[in-house]
Structures are given as structure tokens and as C-alpha cells.
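So you can see what is in the structure, the chains are spelled out below.
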Amino acid sequence: MLDRPGCAPALHRRAARRRFGNEANGFAVTHTVNIYSIFWHANCMACAKRRHPSQGAPQCADTLRSHQVGKGSMVYKSFRLGGLKLSVNADRAGAGVAISFSGGAWNSFVNKVRGPRPPAADAQAQTMPAAAAKAPSTLEEEVASQYWYHTIDLGNGLRTPGQFDHGPLIDRYQLPTSLAGKRVLDVATFDGFWAFEFERRGAAEVIALDLDKPADLDWQPALLARATPEQLAVRFGKGFELAKRELKSKVQRVACNVYDLHPDKFGMFDIVHAGDFLLHINSPVKALQNMAHVCREYAIISDVYFPELEHFGGMPLMEYRGGRDDVTWWRFSLAALQQMVKDAGFSRVELVTTFRYGQRNMPENMHHAVLKAYK
Ligand SMILES: C[S@@+](CC[C@H](N)C(=O)[O-])C[C@H]1O[C@@H](n2cnc3c(N)ncnc32)[C@H](O)[C@@H]1O
């Protein structure tokens, strides 16, 4: 998922951010540096605080009015000299100056410094054709013979070697200790870690939804163009089935695109869960609308967000990542993530927590948010 192992992170994606200023006196200056830009932004803290995403919808009328782009209240000017661009922006919540670098010469410099990029981790992993090696004769061999996204405790000391280990993070999600009597849907289940966890907490029924094969994923055209027919036809869900068997679980995996999710298909669910997949699909709001449609009580939605998009007084910004050979389409700000969930048909969205995490044996280089959205 998400980041590409092997990229020099300080150079590629991670922006260094510093905040200066005296918040008590009503202002702060944020200084952001990444490989494509240097950005300074001064914020009115009174507005920014009132507009903090964890508080939901904007409450500062000035800030709200000033964000109505098109009504002339936001100023944006840019000046370009070759690959160098100077941009100035201002609204009632703050003002910013950015120097950004682009163009062929800059990109080839970046590529030279960064070195060759490996194929996207997820794409590579999810579509790995089954090893041609001899059939595994023990459970350990069977587990070792395939890719695992989730780290799942299969009992007797055997754990799947997942790309991610959610176990140590689970308390942060603040899931109810008991889900007795609840009907739960886990959207984008992959190996089923979350679905099995809901069952372990006593849910009456858990449905785990995911796709059948890579060809059904929302891949970007460039990624799709270089995928082989064998890669596109790999069958998803083998890890899930193995874990289900070993855990003696009753969770039912259904092959269904989230875009086709509808109450007529699987009925209604008390709780809907969806972790870390909105950034991988090209229509996240549509997916969220479908989840809201089948949800009776609340949804738990987690995803990756990018704090460097929190400039402009907390506007719900998201960066479109199209035109790339990658498995992600979006970078969300926390505000965008919350606003999308709310707009999809939930009455109230609560920010449960944020934390940093990363792939196993990698730095904790991703910012992660958990939201609880009430019907
Ligand atoms: C990064 S994994 C997330 C796994 C898990 N939800 C978690 O939070 O740990 C993304 C999953 O989304 C699934 N997925 C992607 N697009 C989908 C779609 N349109 N409908 C259903 N599942 C989808 C993928 O097959 C993959 O299993």
C-alpha cells in the first residue's frame, strides 16, 4: 500500500514542516520544504483553531466566507520563469508564498538523485502470480508461499508475515469491546484482519467485501498499460481463505466492487468499516455514498492524510495524483477526508485519532486518521 519502498523519503514525498510564531498572539508561520517546493504560510490562529478539522464544519464565518473561491475573496497570483514559479496567495485566514520547481531539467535532476524507482509496492505484491514452486506440505510453508498484506495471528505461534502489522495499533481505533448482535461490513478486506477482529469481538455476522482480481482495481492507465494478462487475472482472496480456515471463522467474503454495493445486494449493516483504500480508488465519494447507503448506525473509516495540505486555514484540499504509474489517486488533507465522509451521507463525523505508521521494517512515514461517521 501507499508508499514506495526504496524511494529516498526525505527527497521524495516527505515534507519537512516547522511552525514558528506565537500562537497566543494570534499568528503562526508554517515553513514547508520538499523536493518540489518551499512554502511559507502565515495563519491567523484564531480562525485556524476554530476551523480545525477535528471540530467538523467551519465555525468561523470569516474563514468560511473567505474560502468561497470565485467570490473574489481569495487572492492567488503566480509568476513563472522557466521551471521556477513564485506563487502568492492570501485569504482572511492567512497568506502564503511558495517557490516551486518543475520542468524536465528539474525532474531529471530529481530522478538522478533519487535513483531508479521500484514498481509500486502494492501493485507488485497484489499481482504476484503464485510461485511455481512445489506445493507446500506444511501450514508454515503454505503461509510462506504467498504475499500477505495483513499480519494475522493464526494461533500456535504462527503469524502471517504481513506488509503491515495493525495489531499494535488496534487500541487507537477505539473499537467497542463487544460487537455482540451487530451485523458488520468490512469494505476492502484484503486478508481480512479487520473482519476477523470484528468477529472476535462477538459480531453476529461479518461480511468481508473485496474484489476478485487486479483487473477490477481502479488502476491508473500507465500502471494498467504495463500489467501483463497473468498479473491482471491473479485471484484475490487466497490469504483470506487460508486465515478463515485456520481461525475457523464464519466471516463470509463476497466479491463485489464497492461501486456496486447496494442494500438490495447484502442488506443493511449496523457498522461499516473501510480502512486505507479511499486513496486507491478514483471515485472515493461514490464509494463513501454507497457505504453510507448500507449503514444503519455508524462507519469507521481510516485513511492516510498529508499534513502539508493543511495550509490555507484548513481548507479541504486534496492533491490529484493522476498521470502517474502508481496505485494511489489522491493525497487527502485531514479536512478533505472529513468533509468527503460527511458529504457522502453521514450526519456527523468524529475524528477518533491520528497517528503515524509505516510498513513493517520501514519508518513510520505515513499519517493516518481514524474517523467515526454517524448516520
Ligand atoms: C490497502 S488495502 C486495505 C486493506 C484493509 N482494508 C485495511 O485497512 O487494512 C486496499 C484494499 O482495497 C481493495 N479495493 C480496491 N478497490 C476496491 C473496490 N473498488 N471495491 C472493493 N475493494 C477494493 C483492494 O483489493 C485491497 O484489498
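Residues numbered from 1 in each chain as written. Predicted model: local features only at pLDDT ≥ 70, side-chain atom pairs only at ≥ 80, totals over all residues.

- The name recorded for the chain in an unreviewed UniProt entry is Methyltransferase domain-containing protein, from Piscinibacter terrae.

Describing the overall build of the chain
Logical step 1: Helix and strand counts for the chain come out as 13 helices and 17 strands.
Logical step 2: Taking as baseline every contact in the chain between residues at least 6 positions apart, the subset at least 24 positions apart corresponds to 60%. (Helix = DSSP H or I, 4+ residues; strand = E, 2+ residues; numbered from the N terminus. Contact = placed C-beta atoms within 7 Å.)

Quick notes on helix α9 (residues 238-247)
Logical step 1: All of the buried residues along α9 are G239, F240, L242, A243 and K244.
Logical step 2: On the buried face of α9, the contacting elements are α5 (139-144), β7 (153-155), α6 (193-200), β10 (205-210) and β11 (252-255).
Logical step 3: The first or second residue beyond α9 is K248, which carries a positive phi of 50°. (Buried ≥ 20, exposed ≤ 12 C-beta atoms within 10 Å, placed from the backbone.)

Quick word on the site of the ligand
Logical step 1: Taken together, the neighbourhood of the ligand is formed by 20 residues, with A188, F190, V258, G275 and F277 sitting nearest.
Logical step 2: When the residues that make up the shell around the ligand are grouped by side-chain class, the tally is 13 nonpolar, four polar and three charged. (Near = placed C-beta within 6 Å. Nonpolar A, V, L, I, M, F, W, Y, C, P; charged D, E, K, R; others polar.)

Overview of the pairing of strand β12 (residues 269-275)
Both faces of the sheet carry side chains from a regular strand, because those side chains alternate between them.
Logical step 1: Counting buried positions along β12 gives six out of seven residues, so the element sits mostly inside the fold.
Logical step 2: Pairing of strand β9 (residues 183-187) with β12, which is carried by four bridges, proceeds in the parallel orientation. Residue pairing across strands places D186 opposite H273, the latter belonging to β12.
Logical step 3: Bridge count for β12 against strand β13 (residues 295-305) is six bridges, and the pairing is parallel. Residue pairing across strands places G275 opposite S302, the latter belonging to β13. (Pairing = 2+ DSSP bridges.)

Section: the nonpolar core
Logical step 1: Formed by 61 residues in total, the largest nonpolar core has its most connected members in V272, M291, A299, L337 and V341.
Logical step 2: Among the elements that take part in this core, β13 stands out by supplying seven residues, more than any other.
Logical step 3: Those residues within four positions of L337 in sequence are excluded, and the remaining contacts are D303, Y305, F332, A369 and L371. (Core = buried A, V, L, I, M, F, W, Y, C linked by C-beta atoms within 7 Å.)

Observations regarding the environment of R200
Logical step 1: Structurally, R200 is set in helix α6.
Logical step 2: For the pair R200 and T177, spaced 23 residues apart in sequence, the C-alpha separation works out to 9.7 Å.

Here's the deal with unusual backbone geometry
Logical step 1: The phi dihedral of N156 is positive, around 50°, even though this residue is not glycine.
Logical step 2: Here N156 shows up in the loop between β7 and β8 (158-159).
Logical step 3: Given 7 C-beta atoms within a 10 Å radius, N156 is considered exposed.
Logical step 4: With phi around 65°, A188 is a residue other than glycine that occupies positive phi space.
Logical step 5: With respect to the secondary-structure elements, A188 resides in the loop between β9 and α6.

As for the environment of L279
Logical step 1: Within the secondary structure layout, L279 lies in the loop between β12 and α11 (284-293).
Logical step 2: Exposure remark for L279: the 21 C-beta atoms within 10 Å place this residue in the buried category.
Logical step 3: With sequence-adjacent residues up to four places away left out, L279 is seen in contact with D303, V304, T328, W329, W330 and F332.

Quick look at helix α13 (residues 334-343)
Logical step 1: Counted residue by residue, α13 has eight buried out of ten residues, so it is predominantly covered.
Logical step 2: Here α13 has its buried residues at L334, A335, A336, L337, Q338, Q339, M340 and V341.

With respect to the environment of R226
Logical step 1: Position of R226 relative to the elements: it lies in the loop between α7 (221-225) and α8 (229-233).
Logical step 2: R226 sits 99 residues away from D325 along the chain, and the two C-alpha atoms are 9.1 Å apart.

Section: the pairing of β10
Logical step 1: The element β10 is largely enclosed, with a buried count of five among its six residues.
Logical step 2: Pairing geometry for β9 and β10, over five bridges, is parallel. Pairing of D186 across the sheet is with A208, part of β10.
Logical step 3: Handedness of the crossover joining β9 and β10 through α6 is recorded here as right-handed. (Right-handed = clockwise from strand over helix to strand, strands pointing away.)

Details of the confidence of the model for the chain
Logical step 1: Averaged over all residues, the pLDDT of the chain is 81; the fraction at 70 or higher stands at 71%.
Logical step 2: When the criterion is pLDDT under 50, residues 1-15 qualifies, and its contacts beyond four places in sequence or with other chains add up to 35 contacts.
Logical step 3: Across residues 116-121 the pLDDT falls below 50, and counting only partners more than four positions away or on other chains, this stretch makes twelve contacts in the model. (pLDDT = per-residue confidence, 0-100.)

Topic: the packing of α11 against α13
Logical step 1: For the pair α11 and α13, the least separation of the axes is 8 Å and the interaxial angle reads 45°. In terms of orientation, α11 and α13 fall into the oblique class. In this structure, α11 meets α13 at a crossing whose hand is right-handed. Side by side, α11 and α13 meet where P284, V285 and L288 of the first sit next to M340, V341 and D343 of the second.
Logical step 2: Residue classes in the contact of α11 with α13 are distributed as five nonpolar, no polar and one charged. (Axes fitted to C-alpha atoms, helices over the stretch in contact; angles between N-to-C directions. Parallel < 35°, antiparallel > 145°, perpendicular 65-115°, else oblique. Left-handed = near helix turned anticlockwise from the far one by under 90°.)

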